[in-house]
Amino acid sequence: MLLIQSLLETGEGYKALDLVINQGVEDIPYYVQMIRLFKEHNYPDIVLQLSDLAVQKAHPNDPHMPMLRSTQFLHHLALGHYMNAYASLEANPEEERRENCLRDLVVALVDARQLQLLLDLPYTGMVAKLEALLEDRARTREPASAAVYYNVLFSLHIKNMNYRKGASVMLEQGMRAENAEVQMQCYAVCLNTLMLVEPHYDAWIVKPTDNQEDAIEVLELKDIRKEFNLALARSKLPNCSTDTRAEEVVAQCVAAGHYKTALRLCHLCGLPYYQPVEALTTACVQIQDNDRAWEWLFLNEISDLVAGDANATTIAWRLLEYLLNRYEEDGQSSLHKVVAAKLMSLSVFLPHWLQSSYKKRNSAELLRLYLSHGDLTQASTLACELLQAALGQGKEHFGLSHALMATAPPLCLPLNVIDRLLTELAHYKMDGELRQAVDKYIKTCMRVSEDKVISVSL
């Protein structure tokens, strides 16, 4: 023993090892003592050799076996022998030591960026512990340094085809993200992963929470899609934080010219469309054919609207038409009213496509708008066309399924509004054309009424 210590003190570690081996001692405590001695003198490779030798000589149930396997593991790990380190970990008979070694192995592989190897190891009987370890490491670190642990955990779930867990990991990482771009990317991966869930299973996940007492919130695809689009909108805005509310994001998108994004958010989050639609209408009126106009147009994905040599003004109005038709619900006209009212307040004529669409959806409302904004000429023209449509001339332009006939259901026309319009027109002596149309309509009504009475009496 003294000779071995002397050799170690003089730096003759390998001579000391030969002396230990040549003594032929079979006592395991002796090898444990030698391992500690060589470890004190910083001979990791020799310690590893002694550990291997002791393991070969020891009985599988020897009480020193857990310590010997741990020693093997630690020195293989220190030397970068990751496969051998894992083998020592798996062979360790003591569960607590296996867990400690597993933690050290994961940290070492992550630090060495050996992520593929980390995923390829079998982890026999330890997958659940590995998942819990990665989850704990991710949650207890700052978002920037936790990203690698989230990514490894996600990859592990995908490798095991557990798409729900993988989506939940990406959702949690996105919720903790410090910038909108990272948040958007995480939510995109979450959404795509959840869409991989088998059709006969419902695609849902539970929203992660730090407080176990919080109510459980189940998120479906539509909820994840909403969060993704919200994060996508935030990422397009300068200095927009990851927790900015949807209403504020919509307002910032409108201010920055992202009208398409703002309307998409309104649709997904159940917010009113009025603000972005009105702002886009104003932008169309004020647009000029210069570079600045194209800047905000390009923010709105106009590739499908560009045709031929169209200028910026034409593209802007096409964008308004496209978005109006997309987000206006069937049978409704509230967005048409917003656009028309804004144009009238700016003393701008309504485009032909807007007039045509509005007349089919709600001609009475359009008539009231013209009247309220004092546009008597347009109101008179519209009223005449509406009365003619009721008599069967051009009814398809007003969305009427039938004309005024004895055998058809009754028609509902804004006669009170037309009567007010006649009064206004009479004041300026402009009521001639409309007066004739009204008289013709009244005569037809009387004749149809008489025909109905006759048909009932027969």
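Residues numbered from 1 in each chain as written. Predicted model: local features only at pLDDT ≥ 70, side-chain atom pairs only at ≥ 80, totals over all residues. Heavy atoms only, no water.

## Here we look at the overall build of the protein
- Across its full length, the protein holds 23 helices and two strands.
- The C-alpha atoms of the protein give a radius of gyration of 39 Å, which is well past the 23 Å a tight globule of 458 residues would have.
- Along the first, second and third principal axes, the C-alpha atoms of the protein reach 130 × 60 × 45 Å.
- Expressed as a percentage of contacts within the protein between residues at least 6 apart in sequence, the contacts between residues at least 24 apart total 55%.
- Total accessible area on the protein stands at roughly 24600 Å², and carbon and sulfur atoms take up 51% of it. (Helix = DSSP H or I, 4+ residues; strand = E, 2+ residues; numbered from the N terminus. Rg over C-alpha atoms; globule rule 2.2 N^0.38 Å. Contact = heavy atoms within 4.5 Å. Areas by Shrake-Rupley, 256 points an atom, 1.4 Å probe, with all protein chains shown as cover.)

## Brief notes about the pattern of salt bridges
- The full count for this structure, using the stated rule, is 13 salt bridges.
- The partner of arginine 97 in a salt bridge is glutamate 94, and the shortest N-O contact between them spans 3.7 Å.
- The class of arginine 97 is partly exposed, set by a relative accessible area of 29%.
- On the basis of relative accessibility, which here comes to 32%, the residue glutamate 94 falls in the partly exposed class.
- As a salt-bridge pair, aspartate 223 and lysine 222 come within 3.5 Å of each other at their nearest N and O atoms.
- Through salt bridges with shared partners, a single ionic network connects Glu135, Arg139 and Glu172. (Salt bridge = Lys/Arg side-chain N within 4 Å of Asp/Glu carboxyl O. Buried < 20%, exposed > 50% of the residue type's maximum accessible area, 1.4 Å probe, protein only.)

## Regarding the state of the cysteines
- Applying the stated criterion across every chain yields a total of zero disulfides.
- Left unpaired, cysteine 253 is separated from the closest cysteine sulfur, that of cysteine 240, by 7.7 Å.
- Unpaired in terms of disulfides, cysteine 412 finds its nearest cysteine sulfur in cysteine 445, a separation of 12 Å.
- With relative accessibility at 77%, the residue cysteine 412 sits in the exposed group. (Disulfide = S-S within 2.5 Å.)

## What to know about the nonpolar core
- Core analysis: the biggest nonpolar cluster contains 74 residues, and Trp296, Leu297, Leu421 and Leu434 have the highest contact counts within it.
- Each residue touching leucine 421, except ones within four places of it in the same chain, is listed here: Leu367, Leu371, Leu376, Ala379, Ser380, Ala383 and Leu434. (Core = buried A, V, L, I, M, F, W, Y, C linked by side-chain atoms within 4.5 Å.)

## Some details on the environment of asparagine 100
- Looking at the element boundaries, asparagine 100 is found in helix H7 (residues 95-111).
- Residues asparagine 100 and leucine 89 lie 11 residues apart in sequence; the distance between their C-alpha atoms is 9.2 Å.

## A word on a nonpolar patch on the surface
- A cluster of nonpolar side chains, namely Trp204, Val206, Ile216 and Val218, defines an oily patch on the protein surface of about 370 Å² accessible area.
- Position of valine 206 relative to the elements: it lies in strand S1 (residues 204-206).
- The exposure class of valine 206 is partly exposed, given its relative accessible area of 36%. (Patch = residues over 30% accessible without salt bridge, like charges linked within 9 Å, V, L, I, M, F, W, Y side chains within 5 Å.)

## What about helix H13 (residues 221-236)?
- With 16 residues, H13 should cover 22 Å at 1.5 Å per step; its first-to-last C-alpha distance of 23 Å lies within 8% of that length.
- Where H13 is concerned, the buried positions are Asp223, Ile224, Phe228, Asn229, Leu230, Ala231, Leu232, Ala233 and Arg234.
- In the core, the buried residues of H13 are packed alongside helix H11 (163-176), helix H12 (180-194), S1, strand S2 (218-220), helix H14 (246-256) and helix H15 (259-269). (Expected span 1.5 Å × (residues − 1).)

## Here we look at the confidence of the model for the protein
- Of all residues in the protein, 93% have pLDDT values of 70 or greater, and the mean over the chain is 90.
- Element-level mean pLDDT values for the protein span from 65 in helix H1 (residues 2-9) up to 97 in helix H19 (residues 334-345). (pLDDT = per-residue confidence, 0-100.)

## Brief notes about the packing of aromatic side chains
- The tally for this structure, following the rule as stated, stands at four aromatic pairs.
- For the ring pair tyrosine 86 and tyrosine 123, a centre distance of 5.9 Å and an interplane angle of 80 degrees mean the geometry is edge-to-face. With a gap of 37 residues between them, tyrosine 86 in helix H6 (residues 82-91) and tyrosine 123 in the loop between helix H8 (115-120) and helix H9 (127-139) connect regions that are remote in the sequence.
- A relative accessible area of 4% means that tyrosine 86 is categorised as buried.
- For the ring pair tyrosine 259 and tryptophan 296, a centre distance of 5.4 Å and an interplane angle of 90 degrees mean the geometry is edge-to-face. Of the two residues, tyrosine 259 sits in helix H15 while tryptophan 296 sits in helix H17 (residues 291-298), which places them 37 residues apart along the sequence. You'll find tyrosine 259 and tryptophan 296 in the same group, each marked buried. (Phe/Tyr/Trp six-rings, centres within 6.5 Å; stacked < 30°, edge-to-face > 60°.)

## Quick look at unusual backbone geometry
- In the Ramachandran plot, arginine 113 falls in the positive-phi region, its phi being about 55 degrees despite a non-glycine side chain.
- Mapped onto the elements, arginine 113 comes out in the loop between H7 and H8.
- Look at arginine 113 and you get exposed, because its relative accessible area is 54%.
- Despite not being glycine, glutamate 301 has its phi angle at roughly 50 degrees, a positive value.

## Concerning the packing of H7 against H9
- For the pair H7 and H9, the least separation of the axes is 11 Å and the interaxial angle reads 50 degrees. By the criterion of interaxial angle, the relationship of H7 to H9 is oblique. Crossing handedness for the pair H7 and H9: right-handed. Of the residues in H9, those touching H7 at Glu95, Glu99, Leu102, Arg103, Val106 and Val107 are Lys129, Leu130, Leu133, Leu134 and Arg137.
- Split by residue class, the contact of H7 with H9 holds six nonpolar, no polar and five charged. (Axes fitted to C-alpha atoms, helices over the stretch in contact; angles between N-to-C directions. Parallel < 35°, antiparallel > 145°, perpendicular 65-115°, else oblique. Left-handed = near helix turned anticlockwise from the far one by under 90°. Nonpolar A, V, L, I, M, F, W, Y, C, P; charged D, E, K, R; others polar.)

## A look at H7
- Taking 1.5 Å of rise per residue, 17 residues should cover 24 Å, and H7 covers 24 Å from first to last C-alpha, within 8% of that figure.
- Every buried residue of H7 is listed here: Cys101, Leu102, Leu105, Val106, Val107, Ala108, Leu109 and Val110.
- In this structure, the buried residues of H7 make contact with helix H5 (65-78), H6, H8, H9 and helix H10 (143-159).
- Two residues or fewer after H7 comes arginine 113, characterised by a positive phi angle close to 55 degrees.

## Regarding the packing of H15 against helix H16 (residues 274-286)
- It is at 9 Å that the axes of H15 and H16 come closest, and there the two elements cross at 160 degrees. Taken together, the axis directions place H15 and H16 in an arrangement best described as roughly antiparallel. Of the two possible hands of crossing, H15 and H16 adopt the one that is left-handed. Residues Tyr259, Ala262, Leu263 and Cys266 of H15 lie in contact with H16, whose contacting residues are Pro276, Val277, Ala279, Leu280 and Ala283.
- Of the residues that constitute the contact of H15 with H16, the class distribution is nine nonpolar, no polar and no charged.

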